[in-house]
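# Fold and contact review
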Amino acid sequence: MIPAIEVSHATKVYRRYSGRRQFATLKSALLTGSLIRDLRPEERFTAVEDVSFGVEAGRTLGIIGRNGSGKSTVLKLVAGITKPTSGSVRVNGRVSALIELGAGFHPEISGRENVFINGIMLGLSKREVARRFGEIVEFAEMADFIDAPVKTYSSGMYMRLGFAVAIHVDPDVLLVDEVLAVGDEAFTHKCLDKFAEFKRRGKTILLVTHSLGLVERFCDDAIWLDGGRVRAAGDPRRVVDSYITDVEKSEEAQLASEAEKTVAGPRPSAGDETPWTGSVEGRWGSHEAEILDVQLVGPDGTAAHIFQSGEPLEIRLRIRANRPLEDFVFGIGISNAEGVRCYGTNTDIDELTPVRLAGEGEAVFRIDSLDLVEGTYKLDAAIHKQDGYPYDYHRLLYTFRMKSRTRDVGIYRPRHEWRFAGGATLTTGSQKPG
Amino acid sequence: MLRRLGQLFRYRGLVQSLVARELKARYRGSVLGFFWSFINPLLLLLIYTFVFRYIIESRAPKHDPYALFMFCGILPWSWFSASLIESSNSLIAGGNLIKKVLFPAEILPIAAVFANMVHFFLGLPILAAFLLYYGRPLNVAELLWFPAVVGVQLLLTLGLALVLSALTVHFRDLRDILSNVLTFWFFATPIIYPMLLAGALERRLLNLNPFTHLAISYQEILFYEGPFGHWRWLIALGAASVGLLLAGFFVFDRLRDSFAEEV
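Moving on: the overall build of chain B. Within chain B one finds twelve helices and zero strands. For chain B, the sequential pattern of α-helices and β-strands runs α-α-α-α-α-α-α-α-α-α-α-α. Looking at chain B as a whole, 39% of its 263 residues are labelled buried. Pairs at least 24 apart in sequence give 78% of the contacts found in chain B among residues at least 6 apart.

The secondary structure content of chain A amounts to nine helices and 18 strands. Nonlocal contacts in chain A, meaning residues at least 24 apart in sequence, comprise 75% of its contacts between residues at least 6 apart.

All names here are of chain A. With a phi close to 55°, Asp 170 is a non-glycine residue in the positive phi region. Relative to the helices and strands, Asp 170 is located in the loop between helix H6 (155–167) and strand E6 (173–177). The exposure class assigned to Asp 170 is partly exposed, which follows from the 15 C-beta atoms found within 10 Å. Of note in this structure, His 287 is not a glycine but carries a positive phi near 65°. Relative to the elements of secondary structure, His 287 occurs in the loop between strand E10 (283–284) and strand E11 (289–297). Owing to 22 C-beta atoms within 10 Å, His 287 belongs among the buried residues under this scheme.

What follows covers the sheet that holds strand E16 (residues 357–367) of chain A. Residues and elements named next belong to chain A. Reading across the sheet, the three strands line up as E11-E13-E16 and stay open at both edges, with antiparallel pairing between neighbours. Each edge of the open sheet is held by one strand with a lone partner, namely E11 and E16. For this sheet the average axis-to-axis angle between neighbouring strands, irrespective of direction, equals 15°. Where strand E13 (residues 313–325) lies against E16, ten bridges are found, and the strand directions are antiparallel. Directly across from Arg 320, in E16, lies its bridge partner Glu 360.

Residue and element names in this part refer to chain A. Here eight bridges tie strand E14 (residues 329–336) to strand E17 (residues 375–384), and the two strands are oriented antiparallel to one another. Looking at E17, one finds that Gly 331 is bridged to Ala 382. The pairing of E14 with strand E15 (residues 341–346) spans five bridges and is classified as antiparallel. In the sheet register, Ile 332 faces E15, and the bridge partner there is Thr 345. Linking two consecutive strands that pair antiparallel, namely E14 and E15, is a turn of four residues; a positive phi of about 90° is found at Gly 339 within it.

Formed by 137 residues in total, the largest nonpolar core has its most connected members in Ile 63, Val 78, Leu 175, Leu 206 and Ala 222 of chain A together with Phe 71 of chain B. Beyond its immediate stretch of four places on either side in the chain, Phe 71 of chain B contacts Leu 45, Tyr 48 and Leu 127 of chain B. Counting residues in hydrophobic clusters, the runner-up holds 27 residues, among them Ala 289, Phe 328, Phe 330 and Tyr 393 of chain A.

Facing the 23 residues of chain A at the interface are 18 residues of chain B. Sorting the residues of the side of chain A that touches chain B by element identifies strand E5 (95–98) and helix H4 (111–121) of chain A as the ones contributing at least two each. Here the element with the most residues in the side of chain A that touches chain B is H4 of chain A; it accounts for five residues. A per-class count over the side of chain A that touches chain B returns 13 nonpolar, five polar and five charged.

Right, let's get into the sheet that holds strand E3 (residues 60–64) of chain A. Residue and element names in this part refer to chain A. Spatially, E5-E6-E7-E3-E8-E9 is the arrangement adopted by the six strands of the open sheet, whose pairing is mixed. Two strands close off the open sheet at either side, each with one partner strand: E5 and strand E9 (229–234). Each neighbouring strand pair of the sheet contributes to a mean axis angle of 15°, computed without reference to strand direction. Relative to E6, E5 is paired through four bridges, and the arrangement is parallel. Residue pairing for E6: Leu 98 is matched across the bridge by Val 176.

As paired elements, E11 of chain A and E13 of chain A share eight bridges and run antiparallel to each other. By the bridge assignment, Val 297 of chain A is partnered in E13 of chain A with Glu 314 of chain A.

Attention shifts here to the packing of helix H5 (residues 126–140) of chain A against H6 of chain A. Residue and element names in this part refer to chain A. Here H5 crosses H6 at 140°, and the two axes come no closer than 8 Å. Relative to H6, the element H5 lies oblique. For the crossing formed where H5 meets H6, the hand is right-handed. Two secondary-structure elements touch here, H5 through Ile 136, Phe 139 and Ala 140 and H6 through Arg 160, Leu 161, Ala 164 and Val 165.

Moving on, we get to the environment of Gln 153 of chain B. Residue and element names in this part refer to chain B. For Gln 153, the location among the structural elements is in helix H8 (residues 146–170). Given 28 C-beta atoms within 10 Å, Gln 153 falls into the buried group. Each C-alpha atom, one on Gln 153 and one on Gly 238, is 8.1 Å from the other, the two residues being 85 residues apart in sequence. Contacts of Gln 153, omitting those with residues within four sequence positions, involve Pro 76, Phe 80 and Leu 214.

Residues and elements named next belong to chain B. Where helix H4 (residues 66–93) meets helix H6 (residues 107–133), the closest approach of the two axes is 8 Å, and the angle between their N-to-C directions is 165°. When the axis of H4 is compared with that of H6, the two are roughly antiparallel. For the element pair H4 and H6, the recorded crossing hand is right-handed. Taking contact as the criterion, the partners of Leu 68, Phe 71, Leu 75, Pro 76, Trp 79, Ala 82, Ser 83, Glu 86, Ser 87, Ser 90 and Leu 91 in H4 are, on H6, Leu 108, Pro 109, Ala 112, Val 113, Asn 116, Met 117, His 119, Phe 120, Gly 123, Leu 127, Phe 130 and Leu 131. When grouped by side-chain class, the residues that make up the contact of H4 with H6 number 16 nonpolar, six polar and one charged.

Once that is clear, we can look at the confidence of the model for chain B. Residues and elements named next belong to chain B. Of all residues in chain B, 98% attain a pLDDT of 70 or more, and the chain-wide mean is 86. The spread of mean pLDDT over the elements of chain B runs between helix H1 (residues 2–10), the lowest at 72, and H8, the highest at 94. Predicted as a complex, the structure gets a pTM of 0.70 and an ipTM equal to 0.75.

In the predicted model, chain A carries a mean pLDDT of 82, and 85% of its residues have values of at least 70. Every residue in residues 265–278 of chain A scores below 50 in pLDDT, and together they form ten contacts with partners more than four places removed in sequence or on other chains.

We now examine the environment of Ala 253 of chain A. Within the secondary structure, Ala 253 of chain A sits in helix H9 (residues 236–264). In this structure, the C-alpha to C-alpha distance between Ala 253 of chain A and His 305 of chain A, residues 52 residues apart in sequence, is 8.4 Å.

Looking at the secondary structure, you find Thr 353 of chain A in the loop between E15 and E16. Spatially, the C-alpha atom of Thr 353 of chain A lies 9.9 Å from that of Gln 386 of chain A, the residues being 33 residues apart in sequence.

Calculation rules
- Residues numbered from 1 in each chain as written.
- Chains lettered and ligands numbered in written order.
- Predicted model: local features only at pLDDT ≥ 70, side-chain atom pairs only at ≥ 80, totals over all residues.
- Helix = DSSP H or I, 4+ residues; strand = E, 2+ residues; numbered from the N terminus.
- Buried ≥ 20, exposed ≤ 12 C-beta atoms within 10 Å, placed from the backbone.
- Contact = placed C-beta atoms within 7 Å.
- Pairing = 2+ DSSP bridges.
- Axes fitted to C-alpha atoms, helices over the stretch in contact; angles between N-to-C directions.
- Core = buried A, V, L, I, M, F, W, Y, C linked by C-beta atoms within 7 Å.
- Nonpolar A, V, L, I, M, F, W, Y, C, P; charged D, E, K, R; others polar.
- Parallel < 35°, antiparallel > 145°, perpendicular 65-115°, else oblique.
- Left-handed = near helix turned anticlockwise from the far one by under 90°.
- pLDDT = per-residue confidence, 0-100.

Following this line, the structure appears as structure tokens:
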């Protein structure tokens, strides 16, 4: 097989000019000779570093990665819009890039004239555009408006027309940059159908997207770019999985640092033996007893902030009584991001009678199966008297995230199954929506 | 580079449609539309005629009507100066295309030059009508030189347009510098005054200005009687313009890769 796209050791370095450093005056710039120096790039920014991949003709490659990881730069390199600083990029066949739909439409002239000019810009001859004109208009569903000036179009019409022209260039290699994110549902489906048709006809597609489902469903291969380098390449499912894992890890780190801030803030300095009795937003109480630390522990026994739905969870409170207490209650509450209380209980409700709290200790609240749907949740933890007088109340101070492979909605996922009888037949396995 | 120039030829259809788009878009929405291309030079000519007949007395003998003499130079000058101003801005204005579409960037300044050439051509019938009305002798042998003069001006303008458009991307100050330079350049060219009023020293300085030879060529062919005597200068300027165009394309080609980043 001849590779349709061959990128080998491509590196793209952008120059960055500092806007802050201005010439004091032209005279001083000339006198000190700093004119030349100031015009030189201040720093270099490597958008893509040593990226190599090949796409065989007829295959579809998905490129995933965070914002700023170099995806679009790779696409521009393949499209030939920019040249690599080092390394090489080779493409066999006609390329059409869906980077920005309708780039180059002139607002004052009609859709018809713009279709012609846009088609010619994308490499068609006038005759070829004329031959495909009917098809383009039909695809864009624009028959009624094609003779109106483009400035009167809605943004949806504008996009549809741009997409229709670009797709009817009939490229051998199609480059798509997240254009599907902007259309309505029906249009997105139409685009996907068109891509599928492209695939059937043995065309090569390079797809840059944040829609991981689309990559899994649609692509033959995937690469994951991270900081301008290829982190993983190969089977889309595997690449997407390792990408998701990495995203979770960094979210984890972010939540952890937030949690650290909330606990570090109101805590008294070390060695300070006098009980601290202030109150800050989210934390109040007399501090006769204190919650020193709250940890969320997943099934693997380590503290975490992201959990899979249905896994066990332990909430561990490290506590210290600044004087011996006999009237105390431990409480736990979980709310979702909208502030809806999902569950709350305490040792009093659960009919546990306090005996004695002195010195340091630990209270562990164990959930066998955390059946919450995907989303962000906040945690309350508290020690108070049976009549509600707070020793130390932490309100919504701890954040954790639930992940799920299922896309159910709501708050709580009851254990469930489906059963069918009679004429209803279903099989397992689903098409994941894009 | 030659391959690039060949590629350019393939894109002539695009230049054509961009020029057509430019002209269509310019008059879209106005009642008289395309007729403005005729009306503008016509009104200009009428104003000059009025001024030089009733207000300012011309010092130059045998330059009657003086407005017509000036118009022979002003019409090509408008093409020249508007082309340079528009093309110097063309890459920045077309930034969207350069960044998002694989697109030969030189098309943009070239289309600007050609769009203004069309305006120049649309002004010619007005000029011709007035020349005939005032009974200026139009010599067929001289008129054969006219396409050559237009061709030399086209080469010169294209060369400058390519360099200016490429450099303006990096040094935006050029746009403002250019408009001032063009004002100076206009008065440093024998357009509103005839060359024969200039002294020996001024004449030598004026000869250094390439547009002097274009203006004189137009005036000799269209306005003055007698055979076209400026052809040596014209051919020399033509040769220099070819060199300038190649140099301009070379500079443009060298800077090409930076456009998508700097625009």
